Structure formats: C-alpha cells, structure tokens
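Fold and contact review
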Amino acid sequence: MASSFANSTHAKYWSFTEEEVNDRRKEALNKSLARGELLEPITPEEQATHLRAHEYYIRQICKKPELRLPPKILATALVFFKRFYLFHSIIDYNVKYIAPTCVYISCKIEENYIDVEEFCKVINYKADQILKLEVKVMETLKFQFVVYHPYRPLDGFVMDIKTRSRYQNMDKIHATAITFLDLAMITDLVLFYPPSQIALAALKLAFASVSQSSDFDNYLRGRFSDAEFFSTIEESITRISETINSSPSQAQVIMIGDASKLVDAKLKKKKVDPNKKRELVNAKEKEEVTKKKKLDEKDQKAKEQMELLTGIKQDGSI
C-alpha cells in the first residue's frame, strides 16, 4: 500500500466528482440501452436503486457467521463494486453475480483467503459463476486494488482527541462514529471524498449524538489552524454528514429491495433479435418436419407388420 492516501492509486485514479460519477454511469447505461435488447428501458434511477440494493446484499454476505469475515472485507468489496459499475451497466453484467465476486476478490486482496467452493456453498452459488467473472472484475479495476477506508483515520483522530483533551464519552463516541462510517460505506461518498474527511464527518455526528457538538468544533478549530483550509474542511464535513444522516431507514431499505426486484424483472424481459427469431422459427419447423417423418415411418412400419400378419396388402389385394 502507498505510504499516504495522496500518493495512492485510490487518490489518483479512483476519486471523482459527483457529476463525473453520474456521467460515467449514464454513459455505460446508454451504451447498453442503444442495443435495444430490452422490451422496456432501464432508467438511471432504477439502475441506482438496483445497485444500492445489492450493496446491502454484499453486506448480508459479509455478515454471514459461517464466513467469519473481518469488517475490512465488506468495506473493500463495496468499493470494488462501486468502481466496477462506473464502467459497466446492470444490463451487461448481472449484479447478482458481480456482488459476490467482489466479496471473493476482496478476501484475496485483504489476505483473508477462503476456498471458493466453501465460499459458494455458504452463499448458495456455483464456483464457476464467481470464477468466470473474477478476471473481468479485476480488469475493470485496472488491477489497482489499493483502497483507503475511513476507519483507520477515525482511530487516529480519536487517539489525537484523547491526547489533546479530556472530553467525556470518547469510547461511546468512537463506537457511534464507526456506526456512522458503516452507513457512509453504503453511499457514493467513498468515490468523492478522502477517507479522513469521511471519518471527521462521522465524528461530528457522533459528538452531536451525545450533545457535545461544541467539543468537536473546538477540536476541529484547534486541529486545523489555517482559516482557509479549516473553512474548506468544515464545508466538506457538513456535506458528508448530511449525506450520512439521510441514509435510509430499515423500512426504506426493504422498499429499495422491493424496487430492485421490479428492475430485475425488467432486465429479464428482452426483445428477440429478428435474425434469432427466424432461427428459432426455422428450428421449430425443422423439428416439426423431423417429428412428422418419424411418425410416418412408424405408421408405415405398423402397416407392414399388419400386412405380414393378415396377408392383406396395403392396397387391399391378397
């Protein structure tokens, strides 16, 4: 891993503006829609819902007790999943298979080896469904697997706060901030902001949860003394915290899942290519001719056997 986030492939090649992310996703979707395969087109909003639902699915996989996966596997898998669908649409690559493939790859990258057969047995997949997509996902990621998560800078900030001050409830604040980071990972924030800023936003929300917002503000001002830099940081932290605060409730997560099922149904309804349709018709006609020929042969054989038994020829003569 690079010595710092600023010098990493994460910062150089996988950090975007919100507009850039939306444009990339729309471009991939429009390219797929241009082929005219679907009976009913998928909208960018529907694609976003489908992807979000499967980020929750990735979380379900990583939380399975049989797999015993550490938290960093979930975080890395989510980032890989988001990166993959910056270049591909849900029409071209089924999220049902890309999601567990990202989990499997993240296990390798994070040095948490798991046998593919064992992994697939737990999640009820076939190994070849994962293995045949593994290289495609890694190619899309440009074999750049370095991912910086906000959890480590959060630990650093908490340690710094404990060193600089004697604020109360720091252990509780730390635990609450981790919960907010978990929510942040099921958003696109990791594509827009440095992990340190996401960590600070989680801290801001955690301090607010125990009515100690002023303590966080004091720490932030003391930590970033340059007025212009402080203003920039504060603005980013505010935007990030607002996004985290708008995370869906459990009831809304269920609604996202239901909406995703409708999208999946639309993806399965594809037009039949005229050439393929002709091929199907020809194949059916050929099958009917073959079937009729076999019936005729069977009928002829039956008549011949009857002729042998009765001595009466097919034309009625003896």
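It should be noted that the structure appears before, not after, this text.
Let me begin by describing the structure that accompanies this report. (Residues numbered from 1 in each chain as written. Predicted model: local features only at pLDDT ≥ 70, side-chain atom pairs only at ≥ 80, totals over all residues. Heavy atoms only, no water.)

1. Digging into empty space enclosed by the protein
This structure, assessed with the given rule, holds one cavity of 30 Å³ or more. If you add up the space inside the largest cavity, you get close to 40 Å³. In this structure, the largest cavity is lined by His-10, Val-79, Val-147, Tyr-148, Pro-150, Val-190, Tyr-193, Pro-195 and Ile-198. For the lining of the largest cavity, a count of residues per class yields eight nonpolar, one polar and no charged. (1 Å grid on protein atoms, 1.4 Å probe; cavity = no way out; pocket = protein on both sides within 12 Å on 5 of 7 lines; lining within 4 Å. Points joined across faces, edges and corners; volume = space filled by probe spheres on them. Nonpolar A, V, L, I, M, F, W, Y, C, P; charged D, E, K, R; others polar.)

2. Focus on the pattern of salt bridges
If you walk through the whole model with that rule in mind, you get 13 salt bridges. Between Asp-188 and Arg-25 there is a salt bridge, with the nearest N and O atoms lying 2.8 Å from each other. Taken together, the positions of Asp-188 in the loop between helix H9 (170–185) and helix H10 (189–192) and Arg-25 in helix H2 (residues 18–33) put the pair 163 residues apart, joining distant regions of the chain. Here Asp-188 matches Arg-25 in class, with each residue buried. Among the ionic pairs, Asp-160 bridges to Arg-223, the shortest N-O distance being 3.1 Å. Of the two residues, Asp-160 is situated in helix H8 (residues 151–164) and Arg-223 in helix H12 (residues 213–223); the sequence distance between them amounts to 63 residues. For Arg-223, a relative accessible area of 34% puts it in the partly exposed group. Within this structure, Arg-35, Glu-37 and Asp-92 form a network of salt bridges that share partners. (Salt bridge = Lys/Arg side-chain N within 4 Å of Asp/Glu carboxyl O. Helix = DSSP H or I, 4+ residues; strand = E, 2+ residues; numbered from the N terminus. Buried < 20%, exposed > 50% of the residue type's maximum accessible area, 1.4 Å probe, protein only.)

3. Concerning helix H6 (residues 116–123)
Within H6 the residues assigned to the buried category are Val-116, Phe-119, Cys-120 and Ile-123. All buried residues of H6 fall inside an arc of 90° around its axis, so they share one side. In H6, the exposed positions angled more than 90 degrees off the buried face are occupied by Glu-117 and Lys-121. Where the residues of H6 are buried, they touch helix H3 (44–62), helix H5 (95–109) and helix H7 (127–140). Taking the backbone nitrogen of Glu-117 as reference, a side-chain oxygen 3.0 Å away marks Asp-115 as the first, capping residue of H6. Once H6 finishes, Asn-124 follows within two positions and takes phi at roughly 65°, a positive value. (Arc of directions from axis to C-beta. Contact = heavy atoms within 4.5 Å. Polar contact = N/O pair within 3.5 Å; in protein donor to acceptor, adjacent residues only side chain to side chain.)

4. Let's talk about helix H11 (residues 195–209)
Since there are 3.6 residues in each turn of an α-helix, residues three or four apart along the chain are aligned in direction. In this model H11 runs 21 Å from its N-terminal to its C-terminal C-alpha over 15 residues, within 8% of the 21 Å that 1.5 Å per residue would give. In terms of burial, H11 is a largely internal element, 11 of the 15 residues being buried. Of all the residues in H11, the buried ones are Pro-195, Gln-197, Ile-198, Ala-199, Leu-200, Ala-201, Ala-202, Leu-203, Leu-205, Ala-206 and Phe-207. (Expected span 1.5 Å × (residues − 1).)

5. As for the packing of H5 against H7
In the contact formed by H5 and H7, the axes pass within 9 Å of each other and the chain directions differ by 75°. Judged by the angle between their axes, H5 and H7 are roughly perpendicular. Between H5 and H7, the residues in contact are Tyr-97, Ile-98, Pro-100, Thr-101, Cys-102, Tyr-104, Ile-105 and Lys-108 and Gln-129, Ile-130, Leu-131, Leu-133, Glu-134, Val-137 and Met-138, respectively. For the contact of H5 with H7, the residue count by class is 11 nonpolar, two polar and two charged. (Axes fitted to C-alpha atoms, helices over the stretch in contact; angles between N-to-C directions. Parallel < 35°, antiparallel > 145°, perpendicular 65-115°, else oblique.)

6. Remarks on the state of the cysteines
All told, the structure shown has zero disulfides when counted by the stated rule. Left without a disulfide partner, Cys-62 is nearest to the cysteine sulfur of Cys-107, which lies 6.8 Å away. With no disulfide partner, Cys-120 has as its closest neighbouring cysteine sulfur the one in Cys-107, 11 Å distant. (Disulfide = S-S within 2.5 Å.)

7. A look at the packing of helix H4 (residues 71–84) against H5
Following both chains from N to C, one finds H4 and H5 inclined at 130°, their axes separated by 8 Å at the closest point. When the interaxial angle is binned, H4 and H5 end up oblique. Relative to H5, the crossing made by H4 is right-handed. The residues of H5 that touch H4, namely those facing Ile-73, Thr-76, Ala-77, Phe-80, Phe-81 and Phe-84, are Val-95, Ile-98, Ala-99, Cys-102, Val-103, Ile-105, Ser-106, Cys-107 and Ile-109. Taken together, the residues that form the contact of H4 with H5 break down as 13 nonpolar, two polar and no charged. (Left-handed = near helix turned anticlockwise from the far one by under 90°.)

8. Examining the packing of aromatic side chains
This model, assessed by the stated rule, comprises 14 aromatic pairs. Ring centres of Phe-5 and Tyr-148 lie 5.7 Å apart, and the angle between their planes is 80°; this geometry places the pair in the edge-to-face category. Placement of Phe-5 in the segment before helix H1 (9–13) and of Tyr-148 in the loop between H7 and H8 is noted, with a sequence separation of 143 residues between them. Accessibility assignment for this pair places Phe-5 and Tyr-148 in one class, buried. Between Phe-84 and Tyr-85 the ring centres are 5.0 Å apart and the planes differ by 80°, which places this aromatic pair in the edge-to-face class. For the pair Phe-84 and Tyr-85, one class covers both residues: buried. The ring of Trp-14 carries the charged tip of Lys-142 above its face, separated from the ring centre by 5.5 Å. The lysine or arginine in question, Arg-223, covers the ring of Phe-224, its NZ or CZ lying 5.6 Å from the ring centre. (Phe/Tyr/Trp six-rings, centres within 6.5 Å; stacked < 30°, edge-to-face > 60°. Lys NZ or Arg CZ within 6 Å of the ring centre and 35° of its normal.)

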